Amino acid sequence: MKALFIADAHLKSSHDDHYRKLMVFLDNLVSTVHSEHPLETSSGSHPLIPVDDLYIGGDFFDFWFCRGGRVYPEFVPVIKALTAIRDRGIRVHFAEGNHDFFLADYFTRLLGMEVFPEWGTLMLDDCRVLFSHGDTVDRENLKYLRLRKLLRSSPAYRLQRLLPLPLLWKIAGASSAASKQSVRFSEERLTEILHGYAERKIRQGFDAVILGHCHQPLMKEYSIGSRRGYSITLGDWIRHFSYLYYEDGIFEIRFFGDEAGKG
């Protein structure tokens, strides 16, 4: 079995450099399906090869609201790319983030893609994996947890269905920008918290825990008795252009493009 994991693209404008680089990555992924040979990435360091599943670990969009199949116009190109991936037989899965939720209305109902509102338990061959964006790991951040619950509540869902979409997109974009200025921890400290949580879950029986949210690509390996466990944070598609590649029980963090790993 082969799978790719990415997270934290925070897509907003199709003119942004990181949006365009992600489009190249996804287009290359489509091209591998009927290719006899792996395609080289733009850096030439790691070839993209056909995979069975693409997992998107939250905050793929910088904000998300849709209605009746109508999406924010700037997201149309990347949605077409994901649809092409699905049509080539690659299964696409989303974990909702703190910037994109209510995804199932569109991606499951209309496109048939799997959406995990918070936590997903996956089986990659014999590997039991816990998968999430990771924004609820910090249980002491009560202010955020209350806000998250409110934004995903039935009243909030009904309210956003009443507002004109252009107004809703404008409000969501402003809210997203404001939220980035009110983080509780540095990326480094958040990474420590996520990996600490992942280690506990590994000791409870998971073989791997895969999270986004902290924007730091990092994999830690643990020996628990006679087995190995992996704690993985996926990085982002803003500075690192990182992705996780899985094949036959092996995980590897890779970087796409000439700017990979900078920042």
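In this report, the structure presented in the accompanying data block is examined.

1. Considerations on the layout of surface pockets
Step number 1: Its boundaries defined by the atoms lining it, the second largest pocket holds a volume of some 150 Å³.
Step number 2: Looking at the second largest pocket, the residues that line it are Leu124, Asp125, Asp126, Cys127, Asp207, Ser226, Arg227, Arg228, Tyr230, Tyr246 and Gly249.
Step number 3: With three residues, the top contributor of residues to the lining of the second largest pocket is strand E11 (residues 227-234).
Step number 4: Of the residues contributing to the lining of the second largest pocket, the split by class is four nonpolar, two polar and five charged.

2. Points about the side chain of Arg148
Step number 1: Structurally, the position occupied by Arg148 is in helix H4 (residues 142-151).
Step number 2: A residue is classified by how much of its surface remains accessible, and Arg148, at 10% relative accessible area, is buried.
Step number 3: A distance of 2.9 Å separates the side chain of Arg148 from the side chain of Asp135, its partner in a polar contact.

3. Comments concerning the environment of Thr83
Step number 1: Within the fold, Thr83 resides in helix H2 (residues 76-87).
Step number 2: C-alpha of Thr83 to C-alpha of Val30: the two residues are 53 residues apart in sequence and 9.9 Å apart in space.
Step number 3: Residue contacts for Thr83: discarding those within four places in its chain leaves Leu111 and Met113.

4. A look at the pattern of salt bridges
Step number 1: Under the criterion given, the structure shown has 13 salt bridges.
Step number 2: The shortest N-O distance in the salt bridge between Asp53 and Arg91 comes to 2.8 Å. You can see Asp53 sitting in strand E4 (residues 53-56) and its partner Arg91 sitting in strand E5 (residues 91-95), a full 38 residues away along the chain.
Step number 3: With a relative accessible area of 1%, Asp53 lands in the buried category.

Conventions adopted
- Residues numbered from 1 in each chain as written.
- Predicted model: local features only at pLDDT ≥ 70, side-chain atom pairs only at ≥ 80, totals over all residues.
- Heavy atoms only, no water.
- 1 Å grid on protein atoms, 1.4 Å probe; cavity = no way out; pocket = protein on both sides within 12 Å on 5 of 7 lines; lining within 4 Å.
- Points joined across faces, edges and corners; volume = space filled by probe spheres on them.
- Helix = DSSP H or I, 4+ residues; strand = E, 2+ residues; numbered from the N terminus.
- Nonpolar A, V, L, I, M, F, W, Y, C, P; charged D, E, K, R; others polar.
- Buried < 20%, exposed > 50% of the residue type's maximum accessible area, 1.4 Å probe, protein only.
- Polar contact = N/O pair within 3.5 Å; in protein donor to acceptor, adjacent residues only side chain to side chain.
- Contact = heavy atoms within 4.5 Å.
- Salt bridge = Lys/Arg side-chain N within 4 Å of Asp/Glu carboxyl O.

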